[in-house]
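# Examination of the molecular architecture
One letter stands for each residue in the lines below.
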Amino acid sequence: APLWSLEGTLLHGQWVSVGDLVPEEPGLEAVLSQFHVAGAPVTLATAGGAVRWQYQDWQPETMLTRACVADFDGDGTLSIVVGEQAPYRMLDVPPRRYDVTVLDPSGGLVAKLPFTDAKRHDWYYNGENMAQVADVDGDGRDEYVFPTMDGRVLLIGSPEGRRAWR
């Protein structure tokens, strides 16, 4: 496949997840979320580099985590899931609301899952929240493993937000 660039569309610090989100199109799609840019969109790009959609409805003054691709039902239907966090430049952040957002493959909103988080003043936090997707409990369905800034781990096990562990 030819190389492509989204320079001019995306700004800085892209995190990439790949999946077959549009099975009727050849190749895999890339889901990109931007680090270091408050309020930046999540972008779905085709294997050929065309932007299929962008989603950009976040809580104010938030930065995104890595957008992940998850099969929450174990049936091959994929969702995009991304969490919010405080911008890394903010040093002391009191408890406030953030969301984990679940999108369908066409960029439509499936769910906003609110949670409260705060930066710990006694802990260096560089802002690189490394959320992951895995079948943690072995039931054939993915869970979204999301470490928070205050030291907790959220384990979200369905698009509607079944929280298996917190």
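Description of the structure in this document. The residue numbering used here restarts from 1 in each chain and proceeds along that chain's sequence as written. With the structure being a predicted model, the display of local features is reserved for residues of pLDDT at least 70 and the display and counting of side-chain atom pairs for 80 or more, all residues being used for whole-chain, interface and lining totals. With hydrogens and water stripped out, all remaining heavy atoms of the structure feed into the side-chain values.

### So, the packing of aromatic side chains
- Aromatic pairs are defined between Phe, Tyr and Trp rings, using the six-membered ring for Trp, whenever the two ring centres lie within 6.5 Å; interplanar angles under 30 degrees are classed as stacked, those over 60 as edge-to-face, and all others as tilted. One pass over the full model with this rule turns up 4 aromatic pairs.
- An aromatic cluster is present here, built from Tyr 98, Phe 115, Tyr 144 and Phe 146 joined pairwise through their rings.
- Over the ring of Trp 15 we find Arg 66, and its NZ or CZ is 5.2 Å from the ring centre.
- Distance and angle both matter: a charge sits over a ring if NZ of Lys or CZ of Arg is within 6 Å of the ring centre and within 35 degrees of the ring normal. Between the NZ or CZ atom of Arg 96 and the centre of the ring of Tyr 98, over which it lies, the distance is 4.5 Å.

### Notes on the pairing of strand E8 (residues 96-103)
- Exposure is judged per residue with a 1.4 Å probe applied to protein chains only, and the accessible area is read against the type maximum: over 50% gives exposed, under 20% gives buried, and values in between give partly exposed. The helix and strand labels rest on DSSP assignments: H or I over at least four residues marks a helix, E over at least two residues marks a strand, and numbering proceeds from the N terminus. The buried count for E8 comes to 6 of 8 residues, which makes it a mostly enclosed element.
- One bridge is not enough; two strands pair if DSSP finds at least two bridges between them. Bridge count for strand E7 (residues 79-85) against E8 is 4 bridges, and the pairing is antiparallel. Following the sheet pairing, Val 82 is matched in E8 by Thr 101.
- Inspection of the sheet shows E8 paired to strand E9 (residues 109-117) by 8 bridges, in the antiparallel sense. Paired with Val 102 across the two strands is Ala 111, which belongs to E9.

### Quick word on unusual backbone geometry
- Of note, the phi angle at Glu 61 is positive, near 50°, even though the residue is not glycine.
- Along the chain, the position of Glu 61 falls in the loop between strand E4 (51-55) and strand E5 (63-64).
- A relative accessible area of 42% means that Glu 61 is categorised as partly exposed.

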